[in-house]
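# Architecture and fold: a report
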Amino acid sequence: WLIVWDQAIMNAVANSQTAMNAVINSQTAMNAVINSQTAMNAVANSQTAMNAVINSQTALNAIRNNATAWNTFINSTINVKEVPTMTSNTTPEGVASASSIYSSSYDAFRAFDKNTNTCWTAGGYPPQWIQYQFVSPVFIHTITLTGNSTSGNGYNPTSITIQASQNGSTFIDIQTFNQEFTSTATTLYIAKQGYYKYWRVRINGTVSGYYPIIRELNFKGFIQPT
């Protein structure tokens with residue numbers, strides 16, 4: 001696997017579906033790729049390679065466990081997608097929704113409006129959820145979440161589960177994070193194979209069991225190529 005150090009050869013491999021299938025199905029090959037910046041650059045610059053990796057849990061796990069490779073992967077500029085600045089639950093695109101809202105002033109889109117002076121406030125005690133429906137399926141690798149206030153505030157989430165769905169009705173659990181989410185934005189990373197239209201944060205608990213408040217939430221990743 002000395003070819004991983006040759007840029008021209010790796011570019012050819014990255015742009016070949018057959019070659020990438022061979023790479024992601026070989027632990028030896030994946031180990032060589034993640035330990036070569038040349039190889040990872042080739043992967044990050046190829047839609048074919050990025051799509052192959054996203055559809056392989058084995059490949060994603062290998063990349064996620066190598067900090068340098070993961071950084072190169074998530075900073076790819078191929079088909080980048082995140083939640084836009086929402087001005088209503090359906091504007092400018094997609095759909096923001098939640099299990100409940102305290103009032104219309106605290107609607108779901110307030111967590112996606114890029115403004116920490118506004119927020120989504122649930123209309124009930126945990127568990128509650130807030131989600132965003134993308135127009136097309138997206139692989140998400142980064143979630144940024146801002147809670148209500150400084151540490152110890154009763155409305156700050158203390159446990160969340162990231163969930164995803166293809167159809168909006170059947171959700172799978174991706175990963176649970178047990179920590180307090182304060183007014184300082186927290187960045188979380190996940191690596192679940194495949195593309196999903198619906199991405200949800202389920203709040204399992206808050207500091208004092210109060211109604212959950214999220215000031216800002218963003219899902220970022222790569223849109224499924226057509």
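Shown above is the structure to which this text applies.
This text gives an overview of the structure that appears in the document. (Residues numbered from 1 in each chain as written. Predicted model: local features only at pLDDT ≥ 70, side-chain atom pairs only at ≥ 80, totals over all residues. Heavy atoms only, no water.)

### Focus on the packing of helix α1 (residues 7-14) against helix α4 (residues 37-44)
In the contact formed by α1 and α4, the axes pass within 9 Å of each other and the chain directions differ by 40°. Relative to α4, α1 is oriented oblique. Relative to α4, α1 is oriented so that their crossing is right-handed. On α4, the residues that touch Gln-7, Met-10, Asn-11 and Ala-14 of α1 are Thr-38, Ala-39, Ala-42 and Val-43. Across the contact of α1 with α4, the residue classes break down as 5 nonpolar, 3 polar and no charged. (Axes fitted to C-alpha atoms, helices over the stretch in contact; angles between N-to-C directions. Helix = DSSP H or I, 4+ residues; strand = E, 2+ residues; numbered from the N terminus. Parallel < 35°, antiparallel > 145°, perpendicular 65-115°, else oblique. Left-handed = near helix turned anticlockwise from the far one by under 90°. Contact = heavy atoms within 4.5 Å. Nonpolar A, V, L, I, M, F, W, Y, C, P; charged D, E, K, R; others polar.)

### Examining the pairing of strand β8 (residues 196-206)
β8 sits mainly inside the fold: 8 of its 11 residues count as buried. Where strand β4 (residues 128-146) meets β8, 7 bridges bridge the pair, whose relative direction is antiparallel. Paired with Val-138 across the two strands is Tyr-196, which belongs to β8. In this sheet, β8 lies alongside strand β5 (residues 157-165) in antiparallel orientation, the contact comprising 8 bridges. What sits directly across from Thr-161, in β8, is Arg-202. (Buried < 20%, exposed > 50% of the residue type's maximum accessible area, 1.4 Å probe, protein only. Pairing = 2+ DSSP bridges.)

### So, helix α2 (residues 17-24)
Looking only at α2, the buried set comprises Met-20, Val-23 and Ile-24. In an axial view of α2, the angular spread of the buried residues amounts to 85°, which keeps them on one side of the axis. (Arc of directions from axis to C-beta.)

### A closer look at the pairing of strand β6 (residues 171-178)
Each regular strand carries side chains that alternate between the two faces of the sheet. Where β5 lies against β6, 7 bridges are found, and the strand directions are antiparallel. Residue Ile-160 lies in a different strand from β6, and its bridge partner there is Phe-177. Connecting β5 to the antiparallel partner β6 that follows it, the hairpin turn spans 5 residues, and Gly-168 within it adopts a positive phi of roughly 85°.

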